[in-house]
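Overview (structure and organization)
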Amino acid sequence: PSSFLATAKSPFPTPCCRTHLHRMSSFGTAAVLQTEDPNAIKIRMKVEPWDTAYCCLPMIRPRWYTYIRENSIEQNRPCFCPPFCCMQSCIFDNVTVNYVDRSPFTPSCFGMCPGKFVSAYETMYILYCIPTKCCYDLFCKCILGESVVRVPCDNKICKRCGCACPYLTCIKDSEKIALELEKSRERAKGGATVVPTAERMEAN
């Protein structure tokens, strides 16, 4: 029995294993999660919604937001419990975060299509060559506002062939927002993500 106890393996991790597990469990150390200020995430732009957004659901409007942050896009699209309820207690937050090192900021089609964010105005064509921007501004913009879409590639064919995917809808200043989204993509692509927090703290 004594020899058995001496050779039996403990069910608990050895110090070596614990060290290995500790190294593997470094949560929150991805480069994209590191921010300029280790205690805050900088908001580079607040997207302004179109005036008619949620006009029939005024209790949702105070909680609606879209922030273009230094490393991600954060949105809250509140929802409510049916049947229709006008009390704030019926409103539920629906927050999503898209980091710039993941879709839709990364290339698609097995890396063959780099993608690009543009104003929906650049995609408003019929039969590839007939612009419809004036018709949209005249009949639809007053209700639907502007939109930012993602196209597979930065060329006229991809912008006008109907491949655009809506990303931000019912907003203002779509061209300015699309440009800021592209800046976020370029910062991530060029390795502009700042030095990890742990390394900065060690340096200090």
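Our subject is the structure that appears above.
1. Quick look at the packing of aromatic side chains
This structure, assessed with the given rule, holds five aromatic pairs. Centroid distance F117 to Y167: 5.3 Å. Interplanar angle 45°. Geometry classified as tilted. Placement of the pair is F117 in strand β7 (residues 116–119) and Y167 in strand β11 (residues 165–171), with a sequence separation of 50 residues. Exposure remark for F117: the relative accessible area of 2% places this residue in the buried category. Here Y167 falls in the buried class, since its relative accessible area comes to 17%. Consider the rings of Y121 and Y136, whose centres lie 6.3 Å apart with planes at 85°: the pair is edge-to-face. Linking Y121 in the loop between β7 and β8 (125–126) with Y136 in helix α3 (residues 133–139), this pair joins segments that are 15 residues apart in sequence. Y121 gets classed as buried once you look at its relative accessible area, which sits at 12%.

2. Re the pattern of salt bridges
Enumeration according to the criterion identifies 14 salt bridges in this entry. K42 serves as the salt-bridge partner of E36, at 2.8 Å between the closest nitrogen and oxygen. Since its relative accessible area comes to 38%, E36 is described here as partly exposed. Across the salt bridge formed by R185 and E182, the nearest N and O atoms sit 3.2 Å from each other. Residue R185 and its partner E182 are both found in helix α6 (residues 174–189); the two are separated by three residues, about one turn of the helix. On the basis of relative accessible area, E182 is assigned to the buried category, the value being 11%. Residues joined in a network through salt bridges with shared partners are K116, E122, D154, K159, E182 and R185.

3. With respect to the side chain of R185
Residue class for R185 comes out buried when judged on its relative accessible area of 4%. One polar contact links the side chain of R185 to the main-chain carbonyl oxygen of P114, over a distance of 3.2 Å. When residues no more than four places from it in sequence are discounted, the contact partners of R185 are P104, F105, T106, P114, G115, K116 and F117.

4. Observations concerning the sheet that holds strand β1 (residues 43–46)
Strand order in the open sheet made by the four strands is β1-β2-β3-β6, with antiparallel pairing throughout. Each end of this open sheet is capped by a strand with a single partner; those strands are β1 and β6 (95–99). Neighbour to neighbour, the strand axes of the sheet diverge by 20° on average, direction disregarded. Direction of pairing for β1 relative to strand β2 (residues 65–69): antiparallel, over a ladder of three bridges. Looking at β2, one finds that I43 is bridged to R69.

Conventions we followed
- Residues numbered from 1 in each chain as written.
- Predicted model: local features only at pLDDT ≥ 70, side-chain atom pairs only at ≥ 80, totals over all residues.
- Heavy atoms only, no water.
- Phe/Tyr/Trp six-rings, centres within 6.5 Å; stacked < 30°, edge-to-face > 60°.
- Helix = DSSP H or I, 4+ residues; strand = E, 2+ residues; numbered from the N terminus.
- Buried < 20%, exposed > 50% of the residue type's maximum accessible area, 1.4 Å probe, protein only.
- Salt bridge = Lys/Arg side-chain N within 4 Å of Asp/Glu carboxyl O.
- Polar contact = N/O pair within 3.5 Å; in protein donor to acceptor, adjacent residues only side chain to side chain.
- Contact = heavy atoms within 4.5 Å.
- Pairing = 2+ DSSP bridges.
- Axes fitted to C-alpha atoms, helices over the stretch in contact; angles between N-to-C directions.

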